[in-house]
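Topology and contacts: notes
One letter stands for each residue in the lines below.
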Amino acid sequence: MPGPRVVIIGAGVVGAALVDELTLRGWDDVTILEQGELPAPGGSTSHAPGLVFQASASKTMTELARYTVEKLCSLEVDGQPCFLQVGGLEVATTPERVAELHRRAGWLSAWGVESQLLDAAETAAKYPLLDPAVVLGGLFTPTDGIAKAVRAVDAQTRRAAERGATVLDRHEVLDITVVDGAVIGVVTDHGDFPADVVVCCAGIWGPVIAAKVGMTLPLTPLGHQLAWTSAVPALAGRDREAVLPILRHQDQDLYYRERFDALGVGYYGHRPMPIRAQDIARTNECAGMPSVMEFTEEDFEQAWAQTQVLLPSTRDAKVEEGINGLFSFTTDNMPLIGQSPQVSGFWVAEAVWVTHSAGVGRAVAELLVDGHCSSFDLHECDVNRFEAHQLSPDYVLTRDCQNFVEVYDILHPLEPAESLRPLRTSPFHHRQQELGAVFLEASGWERPQWYEANAGLVEGRDIATPDGWAAQHWSPIVAAEAQVTREAVALYDMTALKRIEVTGRHAAAYLNSLVTGNVDTSVGSVTYCLLLDVDGGIRSDVTVARLAADRFQVGANGNLDLDWFTRHLPEAGTVQVRDATPGTCCIGLWGPRARDVIAPLTGTDFSHEALKYFRSTPAFIGTVPVTAMRLSYVGELGWELYTSADQGERLWDLIWEAGQQHGVIAAGRGAFSSLRLEKGYRSFGADMTFEHEPYQAGLGFAVKLDKGDFIGREALLARRDASTSVLTCLTLPEPGSLVMGKEPVYAGDACVGYVTSAGYGYTIGTGIAYAWLPSALSTAGTHVQIGYFDQRIDAVVTAEPLFDPGMTRLRS
């Protein structure tokens, strides 16, 4: 299979992995261009210390790292290995870090990587240079180790060349030629290279290359300190490069690796040192590596002092050399992978560290060759995931620098950003502030988690109090708001959810080609359905409302959905797609008294007979024109009420005033999340992702196979009976038990799955967790355990939904 003409820009460890993976799949018209001299061309790969720790809160990142480990272990150059599998040891010197290591061990178990939690004595025995009086415990991962990045570049580019690839160093890319919105070639200082596909693997220079096709990459190169000691007495006589595990001392932002009788010391505790990609020296303009800045000794003083505390034998050594080496950081700490939204054929694989390099090479090769990635779920890595404001230079620089500062911090899942807030506010924001809203952030939106004005509702209620970790960014008010929603009525700000308008005379046919449900129905219909990829995996779940014969509103999950819709527009221009979110807003009015609140405000009939479940209608609420959709993510009677942003505050005020006699409250996201778990409603990105198909996720009802063809239909038919795992509802019988998500699930001593969404059901009085489990363990009544820090919490498989299984409240 010769494949198209491919040009890869950048032959660091990512570009080398990609050219190897493409040629492995039979593509032989592949050229890789590098401005420096191979195999150490002068980018981040050339100075990277090579430490590979696989633990991550992201399943995808751990899987990318695991593949990288496996592949590099299989490579060698002239008999020399590309990976030194010495293991990885993370140490704790505070009780908080001990707890964090238990959480990290849970991630490793959940994602299928072996690890061992160690007490203080075992930790010191594993790494004899440690002061046993300082450490409290450790986490050891046997398959971690040191990637020999330059050697890996050499091994992979050699293999690719043997399969027919062209490997060219000392070729500087000057431009990328684009005609009619598609790449046709790459211009270098040594001539032009025709191309059907161009992949930017330029690392810290990525923003410069991407800018040549008008693409903004939210990436910042930041200097990171790495020093090498003189000989350490405790390592004297070592004839192997590394024997001891790689070591992380995250309480002091430090890591370590051996180099024979010396130690490499990496440090993240210094001030951020950003540099614009455009300001990095060109390869031919500097004597050394362009990616290396001058070592600033004053920034390293604290690192060396803490090193001598942790590793007493270094007191008889000194810092012999050091660098401030450039690495790429992004606004959410995830890679940038995918095709440009404007230029067909221009792809990026950026902000990828050595740890994940081979995995990303494989992922991008699958995207190019197969049209989808079958080995990894890439929704967190897709370069098109960002909102417009998240591409602004100020946002990128500020958040990237903050991520550098927090790289080893213990971060709560709900940890809000501290800088650049507020960025986006709904029209209800001032009213929410008046009610004492406690805001977290969602895609830049200020979104209430709960309202201090509801503190008085807590009194007299039986509310389970979570432990210290789960109690962060929580209040008993959350429980009260959930209960009042079921008892009376509540307002929810739903503005942060993405709204996409689809118009045109062929809009219905276009949407039907993309979604699993049939949306070519009567005006006023609302359809819950899925977007599938070509392999039958779930790309998103959406609601599609037909507002007119040629106009639809899609309730989506984020910018990836907008990108997907845009990429599949018909060339004839008969369909238009636009993001309607910024100019609109939405209130969710839900609860058994919702109809009592809204009826006096409108002349439109909101009775069950006139406006049934999953129907919509235009209406006036007082003077405010709205689109009312009878939907409910919380499982109660009510409507989503949409209007233009200029009318939003008026809409809030009208409903708020009318609702006073019915006990209306404003409720936050905390209550919303609890109520949706009680109803078993799925959340894309947590409960199901690209790797899952609808039937195993409990969403087969949203697939209408008899409606005609749609993307992913044939692949879904082929895989629907092959799934061996099922998204399963668990309840936690121990009173007050609660988990947070991403924990391992055990049957006996074996890890058999992992938790997706979790929380407490405040109106049913039990902890709830959804988990992917083997089909054999998904029968109601099956007992399992969830690993939560250092605990094993009993859980039982329970039939869903847990609340109102007859759907009587929704349809009242």
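Okay, so let's go over this structure.

Re the overall build of the chain
Secondary structure summary: the chain contains 18 helices and 42 strands in total. At 28 Å, the chain has a C-alpha radius of gyration in line with the 28 Å of a compact globule built from 812 residues. Counting only C-alpha atoms, the chain reaches 85 × 65 × 50 Å along its principal axes. Taken across its 812 residues, the chain has 59% of its residues classed as buried. Of the contacts formed within the chain by residues at least 6 apart in sequence, a portion of 72% connects residues at least 24 apart. When the accessible surface of the chain is split by element, carbon and sulfur atoms take 49% of a total near 29800 Å². In the chain, 62 positive and 101 negative side-chain charges are present, and the distance between their average locations comes to 5 Å.

So, helix α9 (residues 357-370)
With 14 residues, α9 extends 20 Å between its outermost C-alpha atoms, agreeing within 8% with the 20 Å of an ideal straight helix rising 1.5 Å per residue. Buried positions along α9 lie against α1 (13-24), α3 (59-73), β15 (197-200), β22 (336-339) and β23 (346-350). Downstream of α9 by a residue or two, Gly371 has a phi angle that is positive, lying close to 85 degrees.

Some thoughts on the sheet that holds strand β8 (residues 116-119)
Pairing is mixed in the open sheet, where nine strands are placed in the order β8-β9-β7-β17-β18-β19-β16-β21-β20. A single partner strand is all that each edge strand has here, and the edge strands are β8 and β20 (292-293). Bridging between strand β18 (residues 254-259) and strand β19 (residues 262-267) involves six bridges; their strand directions are antiparallel. When the sheet's bridge partners are listed, Arg257 is paired in β19 with Gly264. The strands touched by helix α8 (residues 297-310) are β16 (219-229), β17 (246-249), β18, β19 and β21 (319-330); relative to β19, the strand with the most contacts, the crossing angle is about 125 degrees.

Description of the packing of aromatic side chains
Scanning the model with the defined rule gives 25 aromatic pairs in all. Look at Phe327 and Trp353: their rings are 5.8 Å apart centre to centre, the planes differ by 50 degrees, and that puts the pair in the tilted class. Here Trp353 lies in the loop between β23 and α9 and Phe327 lies in strand β21, a separation of 26 residues in the sequence. Looking at Phe327, the relative accessible area reads 11%, which means it is buried. Between Tyr633 and Tyr681 the ring centres are 5.6 Å apart and the planes differ by 10 degrees, which places this aromatic pair in the stacked class. Placement of Tyr633 in the loop between β34 (624-629) and β35 (638-644) and of Tyr681 in the loop between α17 (669-679) and α18 (713-719) is noted, with a sequence separation of 48 residues between them. The class for Tyr633 is partly exposed, based on a relative accessible area of 25%. You can call Tyr681 buried: its relative accessible area is 18%.

Overview of the state of the cysteines
Across all of its chains, the model carries zero disulfides by this definition. There is no disulfide at Cys200, and the cysteine sulfur nearest it, in Cys201, is 6.8 Å away. You can call Cys200 buried: its relative accessible area is 0%. Looking at Cys529, it has no disulfide partner, and the nearest cysteine sulfur is the one in Cys586, 18 Å off. Cys529 gets classed as buried once you look at its relative accessible area, which sits at 0%.

Topic: the pairing of strand β27 (residues 498-503)
Within a regular strand, the side chains alternate between the two sheet faces. Here β27 lies mainly inside the structure; six of its six residues are buried. Taking every second residue as pointing to the same face, both faces of β27 are buried, with Lys498, Ile500 and Val502 on one and Arg499, Glu501 and Thr503 on the other. In terms of strand pairing, β27 meets strand β31 (residues 576-579) through four bridges, oriented antiparallel. Its bridge partner being in β31, Val502 is matched across the sheet by Val577.

Side note on the side chain of Thr296
Mapping Thr296 onto the fold places it in the loop between β20 and α8. At 3.2 Å, the side chain of Thr296 forms a polar contact with the side chain of Asn324. Discounting chain neighbours no more than four positions away, the residues touching Thr296 are Gln225, Arg271, Met273 and Asn324.

Regarding the side chain of Thr756
Along the chain, the position of Thr756 falls in strand β39 (residues 750-761). Among the polar contacts made by the side chain of Thr756, one reaches the side chain of Asp687 at a distance of 2.7 Å. The contact partners of Thr756, leaving out residues within four places of it in the chain, are Ala686, Asp687, Leu727, Gly741, Lys742, Tyr770, Ala771 and Trp772.

Some remarks on the sheet that holds β39
Spatially, β37-β40-β39-β38-β41-β42 is the arrangement adopted by the six strands of the closed barrel, whose pairing is antiparallel. Across this sheet, the average inter-strand angle for adjacent strands is 45 degrees, counted without regard to direction. Where strand β38 (residues 744-747) meets β39, four bridges bridge the pair, whose relative direction is antiparallel. Across the sheet, Tyr746 pairs through a bridge with Cys751, a residue of β39. Contacting β38 and β39, helix α4 (residues 95-111) runs over the sheet at an angle of about 120 degrees to β39. Taken strand by strand, α17 contacts β39 and β40 (766-774), and its axis lies near 125 degrees from that of β39.

Brief notes about the packing of α3 against α9
Pairs of packed helices are described in terms of their axes, by the angle between the two and the distance that separates them. Packing of α3 against α9 leaves a shortest axis separation of 6 Å and a crossing angle of 105 degrees. With respect to each other, α3 and α9 are oriented roughly perpendicular. Of the residues in α9, those in contact with Leu64, Tyr67, Thr68 and Lys71 of α3 are Ser357, Ala358, Gly359, Val360 and Arg362. When its residues are assigned to classes, the contact of α3 with α9 shows four nonpolar, three polar and two charged.

Thoughts on a negative patch on the surface
The grouping of Glu294, Glu297, Glu298 and Glu301 at the surface amounts to a negative patch. Relative to the helices and strands, Glu301 resides in helix α8. In this structure Glu301 comes out as exposed when scored by relative accessible area, which is 55%.

A few points about the pattern of salt bridges
Per the stated rule, a full pass over the model turns up 46 salt bridges. The salt bridge partner of Arg282 is Glu172, with a shortest N-O separation of 2.8 Å. Taken together, the residues span a long stretch of sequence, with Arg282 in the loop between β19 and β20 and Glu172 in the loop between β11 (166-168) and β12 (173-179) at a distance of 110 residues. Overall, the relative accessible area of 36% leaves Arg282 in the partly exposed class. Residue Arg461 pairs with Glu487 through a salt bridge whose shortest N-O separation is 2.9 Å. Of the two residues, Arg461 is situated in the loop between β25 (445-451) and α12 (476-487) and Glu487 in helix α12; the sequence distance between them amounts to 26 residues. Overall, the relative accessible area of 24% leaves Arg461 in the partly exposed class. Taken together, the shared-partner salt bridges connect Asp20, Glu21, Arg25, Lys71, Arg159, Arg163, Arg362 and Glu366 into one network.

Quick look at the environment of Tyr451
Mapped onto the elements of the fold, Tyr451 is located in strand β25. For the pair Tyr451 and Glu481, spaced 30 residues apart in the sequence, the C-alpha separation amounts to 8.6 Å. Sequence-distant contacts of Tyr451, that is, excluding residues within four places in its chain, are made with Gln432, Leu435, Gly436, Ala437, Ile477, Glu481, Trp652, Ala666, Ala667 and Gly668.

What counts, and at which threshold
Residues numbered from 1 in each chain as written. Predicted model: local features only at pLDDT ≥ 70, side-chain atom pairs only at ≥ 80, totals over all residues. Heavy atoms only, no water. Helix = DSSP H or I, 4+ residues; strand = E, 2+ residues; numbered from the N terminus. Rg over C-alpha atoms; globule rule 2.2 N^0.38 Å. Buried < 20%, exposed > 50% of the residue type's maximum accessible area, 1.4 Å probe, protein only. Contact = heavy atoms within 4.5 Å. Areas by Shrake-Rupley, 256 points an atom, 1.4 Å probe, with all protein chains shown as cover. Lys, Arg positive; Asp, Glu negative; His and termini not counted. Charge placed at Lys NZ, Arg CZ, Asp CG, Glu CD. Expected span 1.5 Å × (residues − 1). Pairing = 2+ DSSP bridges. Axes fitted to C-alpha atoms, helices over the stretch in contact; angles between N-to-C directions. Phe/Tyr/Trp six-rings, centres within 6.5 Å; stacked < 30°, edge-to-face > 60°. Disulfide = S-S within 2.5 Å. Polar contact = N/O pair within 3.5 Å; in protein donor to acceptor, adjacent residues only side chain to side chain. Parallel < 35°, antiparallel > 145°, perpendicular 65-115°, else oblique. Nonpolar A, V, L, I, M, F, W, Y, C, P; charged D, E, K, R; others polar. Patch = residues over 30% accessible without salt bridge, like charges linked within 9 Å, V, L, I, M, F, W, Y side chains within 5 Å. Salt bridge = Lys/Arg side-chain N within 4 Å of Asp/Glu carboxyl O.

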